[in-house]
Amino acid sequence: MRETKQSGITIELKRGDIANQPEIAAVVNAANAELRIGGGVAGAIHRAAGPELTEETRSMAPIEPGEAVISGGHNLPNEYIIHCLGPVYGEDKPEDKLLANCYSNALDLAEDHQIERIAFPSISTGAFGYPMKDAARVAFQTVQEKMNGLEYVSLIRFVLWSEGDIAVHEDVMEEVFG
Ligand code: AR6
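Residues numbered from 1 in each chain as written. Predicted model: local features only at pLDDT ≥ 70, side-chain atom pairs only at ≥ 80, totals over all residues. Heavy atoms only, no water.

- The protein chain is annotated in an unreviewed UniProt entry as O-acetyl-ADP-ribose deacetylase (Regulator of RNase III), contains Macro domain of Fodinibius salinus.

Here's what the structure looks like:
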């Protein structure tokens, strides 16, 4: 499945670029601790948002693995950017707990800001080396655990880079929500 509705919340998978999600209020950045431009998602988001983003986030850095902070969207089509530092696989432990904290803290920030539509990339699965299937399981299980407590969030989109990444997430979505 590519979409499921659970307790009134739509969870969907979409192939694309996290920096090009115009109909979403908050996009999540797979950030670095310094909240600066980087490769992958952090590169795409900072390039599209512009240098004012780095200026805003400078005073919030550094952040710890599992932590999330929120900024404005600047030149992105989104009102907010939620920056999460995922664990480096094999280094920051326990990695599943730290990755779950990213999703949980991001959803808490979304609720605090009354955000209805949020989009996540697959945090930690690029430069940080987290196996995608395991990461998807952590992401969906965390969403499932928090679902009943969400008052404002009604759409959670997972923006994935390739068809293969979508296929992995479809399997895990079926396993967790099916
Ligand atoms: N939109 C959606 N997904 C993307 C995009 C994009 N534009 N670009 C890459 N992905 P990564 P991490 C996928 O490396 O593992 C950075 O350099 C990618 O295929 O962005 O948390 C930061 O500065 C992968 O599946 O994040 C940090 O130092 C996933 O997004 C570090 O890398 C995450 O890949 C963070 O590493």
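Read on, since the account is not over.
Some remarks on the side chain of His169
Phase 1: Checked against the element boundaries, His169 lands in helix H5 (residues 163-177).
Phase 2: The class of His169 is buried, set by a relative accessible area of 1%. (Helix = DSSP H or I, 4+ residues; strand = E, 2+ residues; numbered from the N terminus. Buried < 20%, exposed > 50% of the residue type's maximum accessible area, 1.4 Å probe, protein only.)

Observations concerning the site of the ligand
Phase 1: As a matter of local geometry, the ligand sits amid 21 residues, with Asn32, Gly39, Val41, Thr125 and Gly126 nearest to it.
Phase 2: In this structure, a nitrogen atom belonging to the ligand sits 2.8 Å away from a side-chain N or O atom of Asp17.
Phase 3: Phe128 has a polar backbone atom sitting 3.1 Å from an oxygen atom of the ligand.
Phase 4: With respect to the detected pockets, the ligand is housed in the largest pocket.
Phase 5: Sort the elements by how many residues they give to the shell around the ligand and helix H1 (residues 40-49) lands first, with four residues.
Phase 6: Its residues placed into classes, the shell around the ligand shows 11 nonpolar, nine polar and one charged. (Near = heavy atom within 4 Å. Polar contact = N/O pair within 3.5 Å; in protein donor to acceptor, adjacent residues only side chain to side chain. 1 Å grid on protein atoms, 1.4 Å probe; cavity = no way out; pocket = protein on both sides within 12 Å on 5 of 7 lines; lining within 4 Å. Sits in = over half its atoms within 2 Å of the grid points. Nonpolar A, V, L, I, M, F, W, Y, C, P; charged D, E, K, R; others polar.)

Describing the UniProt feature "domain: Macro" (unreviewed entry) in the protein chain
Phase 1: Within this numbering scheme, the UniProt entry marks residues 1-177 as carrying the feature "domain: Macro" (unreviewed entry).
Phase 2: Structurally, residues 1-177 is divided into 37% helix and 20% strand, and its ends, taken at the C-alpha atoms, are 10 Å apart. (UniProt positions renumbered as here; feature names shortened; annotations may be inferred.)

Describing the pattern of salt bridges
When charged atoms on two side chains of opposite charge get close, those side chains can pair.
Phase 1: Counted according to the given criterion, the structure contains nine salt bridges.
Phase 2: In this structure, Arg2 and Glu163 form a salt bridge, with 2.9 Å as the shortest nitrogen-oxygen distance. Placement of the pair is Arg2 in the segment before strand S1 (3-6) and Glu163 in helix H5, with a sequence separation of 161 residues.
Phase 3: Residue classification places Glu163 among the partly exposed residues on the basis of a relative accessible area of 38%.
Phase 4: If you follow the salt bridges from partner to partner, you end up with Arg2, Arg15, Glu163 and Glu170 in one network. (Salt bridge = Lys/Arg side-chain N within 4 Å of Asp/Glu carboxyl O.)

A closer look at the packing of H1 against helix H2 (residues 51-58)
Phase 1: In contact at an axis separation of 6 Å, H1 and H2 are set at 110 degrees when each is read in the N-to-C sense. The angle between the axes of H1 and H2 places the two elements in the roughly perpendicular class. Across the interface between the two elements, Ile45, His46 and Ala49 of H1 pack against Glu52, Leu53, Thr54 and Thr57 of H2.
Phase 2: Of the residues in the contact of H1 with H2, the class split is three nonpolar, three polar and one charged. (Axes fitted to C-alpha atoms, helices over the stretch in contact; angles between N-to-C directions. Parallel < 35°, antiparallel > 145°, perpendicular 65-115°, else oblique. Contact = heavy atoms within 4.5 Å.)

What to know about the sheet that holds strand S3 (residues 26-30)
Phase 1: Strand order in the open sheet formed by seven strands is S1-S2-S7-S6-S3-S5-S4, with mixed pairing between adjacent strands. Strands with a single pairing partner mark the edges of an open sheet, and in this sheet they are S1 and strand S4 (68-72). The sheet shows a mean angle of 20 degrees between the axes of neighbouring strands, direction not considered.
Phase 2: Here S1 runs beside strand S2 (residues 9-15); their pairing, made up of four bridges, is antiparallel. (Pairing = 2+ DSSP bridges.)

Thoughts on the environment of His113
Phase 1: Looking at where His113 falls in the secondary structure, it is placed in the loop between helix H3 (95-112) and strand S6 (117-120).
Phase 2: Residue His113 is classed as partly exposed on the basis of its relative accessible area, which comes to 31%.
Phase 3: Sequence spacing of His113 and Ala26 is 87 residues, and the spatial spacing of their C-alpha atoms is 9.7 Å.
Phase 4: Residues within four places of His113 in sequence aside, it is in contact with Ile70 and Tyr80.

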